[in-house]
Amino acid sequence: MKNFKDYKNNDKKENLKLESIVVHGANGVDPYTGSLSYPIYQTATFKHPSIEDRTNYNYARCINPTREELERTMCILEDGERGFAVNSGMAAVSLVFSLLKKGDHIILSDDIYGGTVRCVDEVLNPIGIESNRIDLRNLDLLKSTIKENTKMIFIETPSNPMMRVADIKAICDIAHNIGALVVVDNTFLTPYFQRPLTLGADIVLHSGTKYLGGHNDVLAGVVVVKDESIGDKLEIQMYINGAGLGPMDSWILLRGIKTLALRMKKHEENAIKVANFLRNHEHIEEVYFVGFEDHSDYETTKKQSTGFGGMISFRVDNMENVNKILNKIKLITFAESLGGVESLITHPISRTHTEVSEEVRNELGITDTLLRLSVGIEDADDIINDLKQALE
Ligand SMILES: Cc1ncc(COP(=O)(O)O)c(C=O)c1O
């Protein structure tokens, strides 16, 4: 088998647009049989030819061809050198945090997924890793928060759930001056709309459970890095923690990725319509959508992303109407998660962001009347009509 470098240097892939790469993946066709669907190598171990001869494969916790195909595909999509597919987005976050050690300091976006907050509070802080969560749009604040021991800056952009946009390149310039790594959680926009490694970031990660998988049927996480030495450290860590994604789930993710471009276009097209509907509704006080030209971070979005994605948060005028929406919707589902073909709505304060302190929630505006909508790929008018009838 060719090794990964051969695929990366493959002229055919280099000249292809992202829409084509997602369909064909890294290897695409099984090199041994020609099977168009990449095989699910459902095995725990691999036969050694002899003591002297080795193949690339030894034991499935360390390497599995189906997972490898997914990791290579993600490297091409994110323009990275090494990829790691793990069994949830939180496993991806934990894998990246394993690069930190006692005495280090990490700065994170203040508006961030609650599970990441929990990991910082419950795992990093107790073992002596310091942290600050700040508004990473404020570069002066970032500069004044940096300490001698700052080793990592962790950005979630657009942020969850307030849809703030941090300037990835500007943060990288500041971080790299002091030798800190920049990590971007790219779950919301995916490489179809945003490629952080091309903007200078060192590490990009995903909850693959969301848009990459795209069908609300698999839990997965992905990490992609540019630097081989960081890749080596993560590889060892993955051997140790055993978090590698199983072959079946790797295949499901690979299949989801084939339609990533199509789905992201439709999510965005629908989100623009739904956001405009909500904005003009008498019971909606505010809509947070990065695609609005008057969004405070619109210029940053235009500079670093090629689209707006499908996520919207909005503030309802009172709890009675929040309950009406959550109880009366028929097409949209009240459920956690996002990024699937089905429209899902959640109530961040009681579901996804319970780990965030009340003080921070109040500061950010995560109140009991805030809802977060992951706009699916159904007909946009059907989604709008569902919200309309629920609010009647
Ligand atoms: C932005 C973001 N990052 C990471 C995660 C964690 O992913 P998972 O649920 O796959 O562990 C989530 C989950 O909602 C998320 O929204």
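Residues numbered from 1 in each chain as written. Predicted model: local features only at pLDDT ≥ 70, side-chain atom pairs only at ≥ 80, totals over all residues. Heavy atoms only, no water.

Report on the site of the ligand, specifying residues and quantitative values.
In the vicinity of the ligand lie 14 residues, with Gly89, Met90, Asp185, Ser207 and Thr209 positioned nearest. A distance of 2.8 Å separates an oxygen atom of the ligand from a polar backbone atom of Gly89. Met90 is positioned such that a nitrogen or oxygen atom in its backbone is 2.8 Å from an oxygen atom of the ligand. For the ligand, whose unbound accessible area comes to 390 Å², protein coverage reaches 92%. When the residues that make up the shell around the ligand are grouped by side-chain class, the tally is 5 nonpolar, 6 polar and 3 charged. (Near = heavy atom within 4 Å. Polar contact = N/O pair within 3.5 Å; in protein donor to acceptor, adjacent residues only side chain to side chain. Areas by Shrake-Rupley, 256 points an atom, 1.4 Å probe, with all protein chains shown as cover. Nonpolar A, V, L, I, M, F, W, Y, C, P; charged D, E, K, R; others polar.)

Any chance you could break down the pairing of strand S1 (residues 82-86) for me, citing the residues and the numbers?
S1 sits mainly inside the fold: 5 of its 5 residues count as buried. A two-sided burial pattern is seen for S1, the buried positions comprising Arg82, Phe84 and Val86 on one face and Gly83 and Ala85 on the other. (Buried < 20%, exposed > 50% of the residue type's maximum accessible area, 1.4 Å probe, protein only. Helix = DSSP H or I, 4+ residues; strand = E, 2+ residues; numbered from the N terminus.)

Could you give me a rundown of the nonpolar core, with the residues and numbers involved?
One finds Phe97, Val223, Ile312 and Phe314 to be the most contacted residues of the largest nonpolar core, which totals 118 residues. No other element matches the 8 residues that helix H12 (residues 260-279) contributes to this core. Three or more residues apiece are contributed to this core by two domains, here domain 1 (10-258) and domain 2 (261-390). Here Phe314 is in contact with Leu278, Ile284, Glu286, Val287, Tyr288, Ile325, Ile345, Thr369, Leu370, Leu371 and Leu373, once residues within four sequence places are set aside. (Core = buried A, V, L, I, M, F, W, Y, C linked by side-chain atoms within 4.5 Å. Domains from an automatic or database assignment. Contact = heavy atoms within 4.5 Å.)

Please set out the packing of aromatic side chains residue by residue, giving values where relevant.
Taken as a whole and judged by the stated rule, the model has 7 aromatic pairs. Ring plane angle 55 degrees and centroid distance 6.5 Å describe the contact between Tyr38 and Tyr41, whose orientation is recorded as tilted. On the accessibility criterion, Tyr38 (7% relative accessible area) is buried. Ring geometry for Phe289 versus Phe292: centroids 5.6 Å apart, planes at 85 degrees, classification edge-to-face. In terms of burial, Phe289 and Phe292 fall into one category: buried. An aromatic cluster is present here, built from Phe289, Phe292, Tyr298 and Phe308 joined pairwise through their rings. The ring centre of Phe292 lies 3.7 Å from the NZ or CZ of Arg279, which sits over that ring. (Phe/Tyr/Trp six-rings, centres within 6.5 Å; stacked < 30°, edge-to-face > 60°. Lys NZ or Arg CZ within 6 Å of the ring centre and 35° of its normal.)

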